[in-house]
Every structure is written in structure tokens, then in C-alpha cells.
Number of protein chains: 2
Amino acid sequence: MSDFLRRLTLLGLIPRRPQWEGAAAVARPSAGRAPTGKTSAAALLEQLQARGFATNLRAVQRDLVYLDKLFPELEHDGQRAGGRGWWWRADTQVQQLPALDPAMALSFVMARELLDPLLPPPLAQRLVPYYAAAERVLADAGAPGWTAWRERVRVIPEGQPLCPAPIEPAVMGVVQTALLEGWRFRGRYQPRERDLAEYVFNPLGLVFRARVVYLVATLWDYPDPRHFALHRFTQADLLDVAATPPPGFDFDAYLASGTFDYVTADGAPQRVELRMSEAAAAHLEETPLSADQCITAEPQSPGWLRVSATLRETEQLVWWLRGFADQVEILAPPALRARLIADARGLAERYGLS
Amino acid sequence: MSDFLRRLTLLGLIPRRPQWEGAAAVARPSAGRAPTGKTSAAALLEQLQARGFATNLRAVQRDLVYLDKLFPELEHDGQRAGGRGWWWRADTQVQQLPALDPAMALSFVMARELLDPLLPPPLAQRLVPYYAAAERVLADAGAPGWTAWRERVRVIPEGQPLCPAPIEPAVMGVVQTALLEGWRFRGRYQPRERDLAEYVFNPLGLVFRARVVYLVATLWDYPDPRHFALHRFTQADLLDVAATPPPGFDFDAYLASGTFDYVTADGAPQRVELRMSEAAAAHLEETPLSADQCITAEPQSPGWLRVSATLRETEQLVWWLRGFADQVEILAPPALRARLIADARGLAERYGLS
DNA sequence: CACAGGCGCGTCACTAAGTGACGCATAAGT
DNA sequence: ACTTATGCGTCACTTAGTGACGCGCCTGTG
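Residues numbered from 1 in each chain as written. Chains lettered and ligands numbered in written order. Predicted model: local features only at pLDDT ≥ 70, side-chain atom pairs only at ≥ 80, totals over all residues. Heavy atoms only, no water.

Here we come to empty space enclosed by the protein. Scanning the entire structure with this criterion turns up 3 cavities of 30 Å³ or more. Size it by volume and the largest cavity reaches roughly 100 Å³. Contributing to the lining of the largest cavity are L321(A), R322(A), A325(A), L340(A), D343(A), L347(A), L321(B), R322(B), A325(B), L340(B), D343(B) and L347(B). The set of elements that each furnish at least two residues to the lining of the largest cavity consists of α9 (315-323) and α10 (334-350) of chain A together with α9 (315-323) and α10 (334-350) of chain B. Looking at the lining of the largest cavity residue by residue, the classes come out as 8 nonpolar, no polar and 4 charged. (1 Å grid on protein atoms, 1.4 Å probe; cavity = no way out; pocket = protein on both sides within 12 Å on 5 of 7 lines; lining within 4 Å. Points joined across faces, edges and corners; volume = space filled by probe spheres on them. Helix = DSSP H or I, 4+ residues; strand = E, 2+ residues; numbered from the N terminus. Nonpolar A, V, L, I, M, F, W, Y, C, P; charged D, E, K, R; others polar.)

Below you can see the structure in the form of C-alpha cells.
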């Protein structure tokens, strides 16, 4: 096989050093798994051979020193018995094939604006090299003398901006590896109203809700799944014990059980009928509530429209409806109407109107 | 310079064919600009030399045929006087250096879940190759016999899901190029209440709001900026006329002028005081409203808290406060309190409670 | 503390591959 | 039909990678 392709593949096999690992830090000395964040020439040889390259150890070693001269971002440690370790510096710029074109670069910049308030910092952090690559492309593409691209794009955020919860990057890393590769881990967790304690977590899944990330897990060998906010962990260390989901565990069923108030009554979609002011309903013509949404004029009252759509009665829907205040009246289903009437009563009382 | 590096750079200089261009479609025969979506050997030579490679045309040609054999995704058209055109197929998988690691891959998958309802389809479309790359990485990383990663992550969306407005991909491409490189364009636009018409647009910027993308532009040589929803364009064609922002135009000032009801009264942050039920305020401890947020107990009423923070009085804030219904009472500033009281009155009337 | 095993690396002759120069073939525009 | 710019085949030449071998260093172990 070709020289060029072998080296390119080799470069692709070298891992990037995780941001939360210090350059000199030695990965935890876990028995079975290879330490993350670096590879050896022997391991690379094996992976290359698995991809069909007929090569040998000496060639890989030669390639590595050759590439090391070309890429200053490529680093290695001293000579060790287990073989030299090779890795990309954590802050290496991403280079992509095919290169990022301005169209894709714009998508990245836009995505960043939309995501930054939503994604927890340790995850957002990891996309930074891509944003940087996108900014470089856009800076190149702009006509000279034309103001910077960022000056010509604005995102008006949808929700109220809130400061994101600070998650320990190392905790995020451990939880993620545990969940991805199926290991248990030992963690120190600070419950909301109790003392800091140490548990063994058997991870089942992650839930992102309202800018907070929750780990769903069982503790030790107890059967009942519980959830834990990631920003309440102070420490986490992988164990060499395989994770085992409790028999019959279904993630969606667990969510639907109401733990996260995702779905109120029951999950079945039903017909929702609204009376909305024209101003409030204006944007529904552009971005409908559902594929079967139907907007008709209200014959008796000019300036008002009748909107109906098939929707699931979620907390989000209630929040969204409340946002319109008196610009919307819920006609059906009755349970939803009753809920909004209760709100109205409560509000009147709160401000001493009744 | 090295052989390997030159070829790698060369690959990076070859553009990806835009998705909205047919494989055989010839780019618009605009005079000054090179057609997008492909390059010639001569152009590549020039770019390589600009990057410090001492090379010649023949070498570039040889490299191209060499790489063509290695990468089936690399395509070219027949021999033409202007030089052969070279490009990556639109659906080429992205390959990155350093490779996407599972941690970054997770960020991409999460980002997709959060973005898909927010980003207009033609922009979201462009990130698909990256999502695909991330899914490949995660599929490799998972322990065998462990259920798929997607089954272990859920995002509970924040807003009410709405169907995104369908933007013509070619329109998005033209608007973007015009804005990025500074050209005017001719477009057919369907205003909300008037007939379809053709205008010459002098683009100034893009605004993303509530899942709709707006182009801010002046028409012909009129001085006043206006905004146009991208999904209302039926066609757009680049012109070879440079775009010129009207003298003194300031994008932020235009937005603040209230065109998009971004900021209500004035933009200055002010102290907001709230009385909230403990349940409603619970998440503010995790994700504060502002850095200086302050939560204290309400002495008279158990189960209630006093929250104060310095905020800008935006439409988003009002929507957010309405979402809590009677679980929050606005104490200050008075204008905001008056607004919520008016809402409560309106609601009581709407449901015939008063 | 000495030993063994891995691994990195220097070196050799050999072989494969890229280089520069030249000329002809080919397609688009005049 | 002519011009021009580009692609491409081919030559001897030069550079760079290959396979094989052995030395020495580092590490972990007895």
C-alpha cells in the first residue's frame, strides 16, 4: 500500500491528549485497559496491520520520527519499557479532509452561538478546536476590507440565559468513559441536602435537561436507578468492574416515569385547540406546532385565530403557552384548560387582584 | 519541503462540492470570481507556492493523479482548456487530524440533539458529515455487547418543539456567499401579505431568532435596512456588484432599535427582585440568573424565597417569568411588576374569572 | 542489584519512487 | 483553422524508503 496513505492513517490513529490530563500526568494504573491519551509504536503497528497495511515495526518507528519533524504538535515521552508514548498536544488545531468550506464554517459558528448557553462547559470546551478552525476559514474567505463575519451575524437566544453549572472536567471524562465503555466508577457526590459521600456508581445513562446534566445510575448492587447532577460530583475514578444494567431496565420508560417531569399526564398525543391573537399566532405559520396544524379565523372576534394541532401534553407545552399570557386561550383538552385557569386564579391572588 | 506534507496540504486545498450543486452543474458564469466547488491544478500550484512549497505544475498534476487513485471520493471532470477541475464528492466522509476521540464525538452527538430543533435545515445539513464521523467513533469505542451509545443519552428539550421553516438550500448558499464575500444578489421574495416580487439585495447581516433566519439588507440603493425571512425567498442569484453597507450602519444598533423585539424598554441591566416558591427557585442554585444572584429566605412566608439579580429586561425574561405562573411574584423593578399584573388581569378576563 | 526482555535507533546495501526537462496531444476560445 | 494553456508520456537522474541486523537503553522482576 502507498506510503502516503499509511502515514496519513498513522496520524489519524494517534490520539489527542485529553484536556483534563496534564502533559506529564500518568493515567490511572488500571489493570486491563490501556492508558488513554497516548499510543505506542507497537499498538500503532497492530492497528495499521488490522487496516490492511503490510508493514513492520521499524517502518512505524521511522514514520513517527519523520512525522514528528513535520508536526510540532506531535509529542512523545522518553524511552520507556512499554514503548514510547505518542500523542497530539491537547490544543492541536484540527485539520480536516476535505477542508472546512465557508458554508460549513458558518454552520459551526452559528452552532456555537446556539449551543454555548445550552451545553455544559466541559462538553462545549471540546468543540473549541472546531470553532477555531471555522473562524480561520471565515477569516480567510472574507473579502479584504469587508468587516469581520462575526459582525454580520446575530443570534437572539430563545430562553432566558442562565449561568451553566460548573462540571469538573475530569468528572465528565470519567463518567463518559464509564458509560461509553461500560465500567463502574467510584465517585464523591454532594447531595443537595445531605453530606458529601462516596458511592460506587453503576452508570446507565445521561440526561440533559435545562442546562444540567444528570447521570442515571444504580449504586453498588441496589436495583433502583436514581439520578445525580454531574456538577455535584467532586471526584470520580474508574473501576475495573464492568457495569451491568439492572434486568429489564428501559431508559425511556424510566424517563417517562416522571422523574424529570418530562411528560405530565400520559404521553399520548392529543388534539390541542387554542384561541390566539393574530400577533401571537403569526410565527406559527412559519414554524408550525405540528405537521397537522390547522389555523382558521375566529368568526366572532376579529384579530383572533383558532389554532389546532396534535401534541403531547408536556411541561414544555405548558411553559410555552404561559409565555403568551392573555394572548392565548386554551379551549381543549379540558385538563390543559383547567390547568391554565388554575394558573390565572393563582396569579390574580398573588397580585391581590381578586 | 516534504513530500508527505505537500500532498496533505494539497488535499486540504481541494474544495468539497457544495451539496446544492449538481455534479455536472456548471457554476454561474460570473466574470470576476472563480467558480466555487472545484479547483484546477494551476490554482493549487499557486496556493501551494504561497504556503512555501517549492514545487511546479507537473508535480501537482502528478500528485493529483496519485491521490485520485488513493481516494475514490476525489473527482475531476474531463480535460478542459481552463484546466481540469478537481473536487471532493459532496458526500465525502470527513477525516480529521487529530482524529475525533470519543470525548469529542460525544460532544458532537449531544450538540446534534440540542441543535436539530434550533438550526435551520440547510445549515444543520452541513454538519451531518461530522455527526456521521462522531457516530462512527462512538460505534468503535463501545464495549462489545454493550447497548448502543444513543440508547444511553437523552436530551429533554427546553422549548416547545416547532417545525422549522423550510429554507431553499441554494438560497442559503447564495445569501451566505453574498454576505461572506461582500456581493449583492438578485432574489425573488414572497412578502407575507403581498405578491411575489424581485429585488436587488444589498446584504448587511443575518439574524437567527425563534428558529427563523432573517436577512438584514437594503434594497437597490435605498438607505433603510429591512429584514427578510430566508424561507420566503424562492430564488437567489449572485450579482457581480459589491455590497456596500449604508454609511454609519451599526448592526447592533439596528437590532436594539426594537425591530426584533429583542430588548423592551432600554438595554441597561437593572436589579430584579423576585419572590419565588422553593420548588421554582430550586434550579437557580445550580444555574444562577447572573453572577451576582442572591437567594435569601422570606421570613414571613415559609416555602418561599427572595431572589435578586442584575438583569436586562428582555422579552426572554418576561417569557421566562410567565412560565412559572403563580410560583413567582415580581417585586421590582416596578415596570416589570406592572407588566405581569397586566398579564394576570388579562388572563382572569380571558377565562371569565373577574 | 543484576538480569532479561522490549523497544528505539543507527547503519548498511538495495530498491522503489519522485524529479526535472522535454515534447506531443488535446480541448476551448478567437 | 489557429492559438494558447493544460494534461500527460517518457527519459535519465536523484532522492528517499526498505529490510535486516545489532547495539544499547530503559523498566520491571527475581
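All right, on to helix α4 (residues 102-115) of chain A then. Because each turn of an α-helix spans 3.6 residues, side chains separated by three or four positions in sequence point in the same direction. Helix length check: α4(A) (14 residues) gives 19 Å between terminal C-alpha atoms against 20 Å at 1.5 Å per residue, within 8%. Across the 14 residues of α4(A), 11 count as buried, placing the element largely inside the fold. Three or more residues of α4(A) are buried, namely A103(A), M104(A), A105(A), L106(A), S107(A), F108(A), V109(A), M110(A), A111(A), L114(A) and L115(A). Those residues of α4(A) that are buried are in contact with α5 (121-141) and β4 (153-156) of chain A together with α4 (102-115), α5 (121-141), α6 (169-181) and β6 (197-209) of chain B. (Expected span 1.5 Å × (residues − 1). Buried < 20%, exposed > 50% of the residue type's maximum accessible area, 1.4 Å probe, protein only. Contact = heavy atoms within 4.5 Å.)

All names here are of chain A. Here helix α6 (residues 169-181) spans 18 Å end to end across 13 residues, near enough to the 18 Å set by a 1.5 Å rise per residue. Taken across its 13 residues, α6 has 10 buried, putting it largely inside the fold. All buried positions along α6 are accounted for by V171, M172, G173, V174, V175, Q176, T177, A178, L179 and L180. Trailing α6 by a residue or two, G182 shows a phi angle of about 80°, which is positive.

Turning next to the environment of F251(A). Position of F251(A) relative to the elements: it lies in helix α7 (residues 251-259). What makes F251(A) buried here is its relative accessible area of 4%. For the pair F251(A) and E349(A), spaced 98 residues apart in the sequence, the C-alpha separation amounts to 40 Å. In this view, F251(A) contacts G205(A), L206(A), V207(A), V216(A), E151(B), R152(B), V153(B) and R154(B); residues no more than four positions away in its chain are not counted.

In a packed pair of helices, the relevant descriptors are the angle between the two axes and the axis-to-axis distance. Where helix α3 (residues 57-70) of chain A contacts helix α1 (residues 3-13) of chain B, the two axes come as close as 10 Å, and the packing angle between them is 65°. Our pair here, α3(A) against α1(B), has a crossing hand that is right-handed. When α3(A) is examined against α1(B), the residues Y66(A), L67(A) and L70(A) are found in contact with a partner set consisting of D3(B), F4(B) and L5(B). Each residue belonging to the contact of α3(A) with α1(B) can be placed in one class, and the counts come to 5 nonpolar, no polar and 1 charged. (Axes fitted to C-alpha atoms, helices over the stretch in contact; angles between N-to-C directions. Left-handed = near helix turned anticlockwise from the far one by under 90°.)

Another aspect to go through is the UniProt feature "domain: WYL" (unreviewed entry) in chain A. Summarizing the sequence annotation, UniProt attributes the feature "domain: WYL" (unreviewed entry) to residues 171-237 of chain A in the numbering used throughout. The distance from the first to the last C-alpha atom of residues 171-237 of chain A is 8 Å, and the span holds 16% helix and 55% strand. (UniProt positions renumbered as here; feature names shortened; annotations may be inferred.)

A few words on the pattern of salt bridges. Throughout the structure, instances matching the rule amount to 40 salt bridges over all chains. The closest approach of N and O atoms between R154(B) and D252(A), which form a salt bridge, is 2.7 Å. Here the residue R154(B) occupies a position in strand β4 (residues 153-156), and D252(A) occupies one in helix α7, the pair thus bridging two chains. On the accessibility criterion, R154(B) (15% relative accessible area) is buried. Residue D252(A) is classed as partly exposed on the basis of its relative accessible area, which comes to 38%. (Salt bridge = Lys/Arg side-chain N within 4 Å of Asp/Glu carboxyl O.)

Moving on to the environment of W146(B). Mapped onto the elements, W146(B) comes out in the loop between α5 and β4. In sequence terms W146(B) and W304(B) are 158 residues apart; their C-alpha atoms lie 45 Å from each other. The contact partners of W146(B), leaving out residues within four places of it in the chain, are L179(A), L180(A), G182(A), P203(A), A243(A), P245(A) and R152(B).

As a further point, take the sheet that holds strand β11 (residues 294-297) of chain B. Residue and element names in this part refer to chain B. Pairing within the open sheet is antiparallel, and its 4 strands lie in the order β11-β12-β10-β13. Among the strands making up the open sheet, the edge pair consists of β11 and β13 (328-332). Averaged over all pairs of adjacent strands, the angle between strand axes in this sheet comes to 25°, irrespective of strand direction. With 4 bridges connecting them, β11 and strand β12 (residues 304-311) associate as antiparallel partners. Directly across from T296, in β12, lies its bridge partner R306. On the sheet, α9 packs against β10 (270-277), β12 and β13 and is oriented at approximately 15° with respect to β10. (Pairing = 2+ DSSP bridges.)

Another aspect to go through is the pairing of strand β5 (residues 183-189) of chain A. Residue and element names in this part refer to chain A. Among the 7 residues in β5, 5 count as buried, and that is most of the element. One ladder, built from 6 bridges, connects β5 with strand β9 (residues 233-242); its direction is antiparallel. Counted as the bridge partner of G187 is A236 from β9. When β5 meets strand β6 (residues 197-209), the two strands line up antiparallel, connected through 5 bridges. Looking at the pairing, F185 lines up with F201 of β6.

Attention now moves to the nonpolar core. Judged by nonpolar contacts, the single largest core of 120 residues is most densely connected at F185(A), F201(A), L206(A), F185(B), F201(B) and L206(B). Formed by 50 residues, the second largest nonpolar core is a distinct cluster that contains L289(A), V307(A), L321(A) and I330(A). (Core = buried A, V, L, I, M, F, W, Y, C linked by side-chain atoms within 4.5 Å.)

This brings us to the interface of chain B and chain A. Size of an interface, as often reported, equals the accessible area lost when the parts are brought together. Listed by partner, the interface residues are 127 residues for chain B and 127 residues for chain A. On the chain B side of the interface with chain A, the three residues burying the most area are F4(B), I156(B) and Y351(B), jointly 7% of the side's total. At the boundary of chain B with chain A, the tally comes to 6 salt bridges. Put simply, chain B and chain A have 36 residue pairs in polar contact (both at pLDDT 80 or more) between them. Taken together, the residues that form the side of chain B that touches chain A break down as 82 nonpolar, 21 polar and 24 charged. Bridge analysis of β6(A) against β4(B) gives 4 bridges, and the strand direction is parallel. Bridging across to β4(B), L206(A) finds its partner in V153(B). (Buried area = accessible area lost by both parts, 1.4 Å probe. Polar contact = N/O pair within 3.5 Å; in protein donor to acceptor, adjacent residues only side chain to side chain.)

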